[in-house]
Amino acid sequence: QKHLVESGGGSVQAGGSLRLSCTASGYIDSTFPMGWFRQRPGQAREMVAAVDSDRTTTYGDSVKGRFTIYKDYVKKILYLQMNSLKSEDAAMYYCAAGEGGPFGGKLKIPEYYNFWGQGTQVAVSS
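(A) Examining the side chain of E6 more closely. Its place among the elements puts E6 in strand β1 (residues 4-7). We note that E6 is buried and unpaired, the nearest opposite charge coming from R45 at a distance of 7.8 Å. Reaching out from E6, the side chain makes a polar contact with the backbone nitrogen of Q118 at a distance of 3.0 Å. For E6, the side chain forms a polar contact with the main-chain nitrogen of G119, separated by 2.9 Å. Setting aside residues no more than four positions away along its own chain, E6 makes contact with S21, C22, W36, Y93, Y94, C95, G117, Q118, G119 and T120.

(B) Layout of the nonpolar core. Of all hydrophobic cores here, the largest spans 27 residues; its most connected members are L4, W36, L80, M82 and Y93. Setting aside chain neighbours within four positions, we find M82 in contact with G16, S17, L18, L20, R66, F67, Y93 and V122. Counting residues in each nonpolar core, the second largest holds seven residues, with F37, M47, A50 and L107 among its members.

(C) The sheet that holds β1, seen in detail. Strands sit in the order β1-β3-β8-β7 across an open sheet of four strands; the sheet is antiparallel. The open sheet is flanked by β1 and β7 (67-72), the only strands paired with a single partner. For this sheet the average axis-to-axis angle between neighbouring strands, irrespective of direction, equals 15°. In terms of strand pairing, β7 meets strand β8 (residues 77-82) through six bridges, oriented antiparallel. From the neighbouring strand, Y70 faces β8, where its bridge partner is Y79.

(D) How the structure looks around the pairing of strand β5 (residues 46-51). Within β5, five of the six residues are buried, which leaves the element mostly enclosed by the surrounding structure. Pairing between strand β4 (residues 34-39) and β5: five bridges, direction antiparallel. In the strand pairing of β5, G35 is matched with A50. Linking β4 back to β5 in an antiparallel pair, the connection comprises six residues, with G42 at a positive phi of about 80°.

How each quantity is defined
- Residues numbered from 1 in each chain as written.
- Predicted model: local features only at pLDDT ≥ 70, side-chain atom pairs only at ≥ 80, totals over all residues.
- Heavy atoms only, no water.
- Helix = DSSP H or I, 4+ residues; strand = E, 2+ residues; numbered from the N terminus.
- Buried < 20%, exposed > 50% of the residue type's maximum accessible area, 1.4 Å probe, protein only.
- Lys, Arg positive; Asp, Glu negative; His and termini not counted.
- Salt bridge = Lys/Arg side-chain N within 4 Å of Asp/Glu carboxyl O.
- Polar contact = N/O pair within 3.5 Å; in protein donor to acceptor, adjacent residues only side chain to side chain.
- Contact = heavy atoms within 4.5 Å.
- Core = buried A, V, L, I, M, F, W, Y, C linked by side-chain atoms within 4.5 Å.
- Pairing = 2+ DSSP bridges.
- Axes fitted to C-alpha atoms, helices over the stretch in contact; angles between N-to-C directions.

Everything listed here is a matter of coordinates, which is why it stays silent on function.
Have a look at this one:
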């Protein structure tokens, strides 16, 4: 029933680190394009980082150099390591998976993903 389940969210001080996990199951194959998106109240959902079916990675401009996305292809777990967290990183973070990749430049478009997790909240205190 639940194909994607996120965990690892919480509250952290600015400058701190956090690692999010997304466990895939059922139909979702570990090679599917997958990504992390975040959404703040009143704002559109935006891509944070994604991994394509050919293992190419891409990052949102605001997180480059601070965040790292990687997969455990055996356990089917997608991770997002977040370092040097800023107040603007606070949001609900969602894990997503698509089909038919590679997506290439389409990785940043939410509408191309078929599966979504319930989200995990990240809070950053100053």
